[in-house]
Amino acid sequence: MASFEGQRKEDENDTILKVPPRAFKRNGYAMLNKRPCHLIHAVSSRTGKHGFVKYQFTGLDLFALGKIEAIFRGEEVEAPIVTKKECLVVNRQGDTFLLRDDMEVEYQWTLKGNEKTAELESQLCSLYDGGKEPVFVTLTFALGKFILSAVYQDEF
């Protein structure tokens with residue numbers, strides 16, 4: 001399996017919660033096939049003759065391209081803690097960007113050129129190389145990893 005995520009400079013304890021499947025809604029996050037996913041479809045069926053309700057989830061993998069589907073019965077489903085941080089692009093050295101959030105924590109993003117982030121990476125390079133500062137990025141964190149999810153420039 002290919003690795004598409006960045007590396008954190010600090011060690012944080014990300015957790016996974018156990019949640020009943022009826023609590024999940026569209027645009028939430030769930031672990032489908034042991035991968036953190038953004039839910040795009042969540043449907044429940046009526047109880048069957050054995051007394052279980054079936055829940056069908058469809059989600060987009062956070063760190064790789066792909067749609068994942070999973071069906072759960074009444075058991076609890078794992079939900080990753082997903083956070084987003086706005087970071088300022090501080091410096092660039094070759095293919096590596098140094099990013100800093102508002103708490104002065106630094107992250108490094110190295111250009112990967114994969115399908116999931118290629119468009120955002122090219123936008124990041126053109127904005128930063130254009131000389132107009134500041135350039136900001138949004139990082140999405142889950143399971144101790146992060147991925148580039150947005151690039152923008154704040155006009156003053």
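Because the structure is predicted, anything quoted here is derived from the model rather than measured.

Draft legend 1. Structural detail: the nonpolar core. Ranked by internal contacts, the top residues of the largest apolar core, which has 23 residues, are Val 89, Leu 99, Tyr 107, Leu 124, Val 137, Leu 139 and Leu 148. Looking at this core, the elements with two or more residues in it are strand 8 (83-93), strand 9 (96-100), strand 10 (106-110), helix 1 (118-129), strand 11 (135-142) and strand 12 (145-153). Residues within four places of Val 89 in sequence aside, it is in contact with Phe 97, Leu 98, Leu 99, Leu 124, Tyr 128, Val 135 and Val 137. Ranked by size, the runner-up nonpolar core spans 13 residues in total, among them Ala 30, Leu 32, Ala 70 and Phe 72.

Draft legend 2. Here's a closer look at helix 1. The first and last C-alpha atoms of helix 1 sit 16 Å apart over twelve residues, in line with the 16 Å expected at 1.5 Å per residue. For helix 1, every residue scored as buried is listed here: Leu 120, Glu 121, Leu 124, Cys 125 and Tyr 128. Angular distribution of buried residues about the axis of helix 1 spans 140 degrees; they occupy a single face of the element. Downstream of helix 1 by one or two residues, Gly 131 has phi in the positive range, about 85 degrees.

What counts as what
- Residues numbered from 1 in each chain as written.
- Predicted model: local features only at pLDDT ≥ 70, side-chain atom pairs only at ≥ 80, totals over all residues.
- Heavy atoms only, no water.
- Core = buried A, V, L, I, M, F, W, Y, C linked by side-chain atoms within 4.5 Å.
- Buried < 20%, exposed > 50% of the residue type's maximum accessible area, 1.4 Å probe, protein only.
- Helix = DSSP H or I, 4+ residues; strand = E, 2+ residues; numbered from the N terminus.
- Contact = heavy atoms within 4.5 Å.
- Expected span 1.5 Å × (residues − 1).
- Arc of directions from axis to C-beta.

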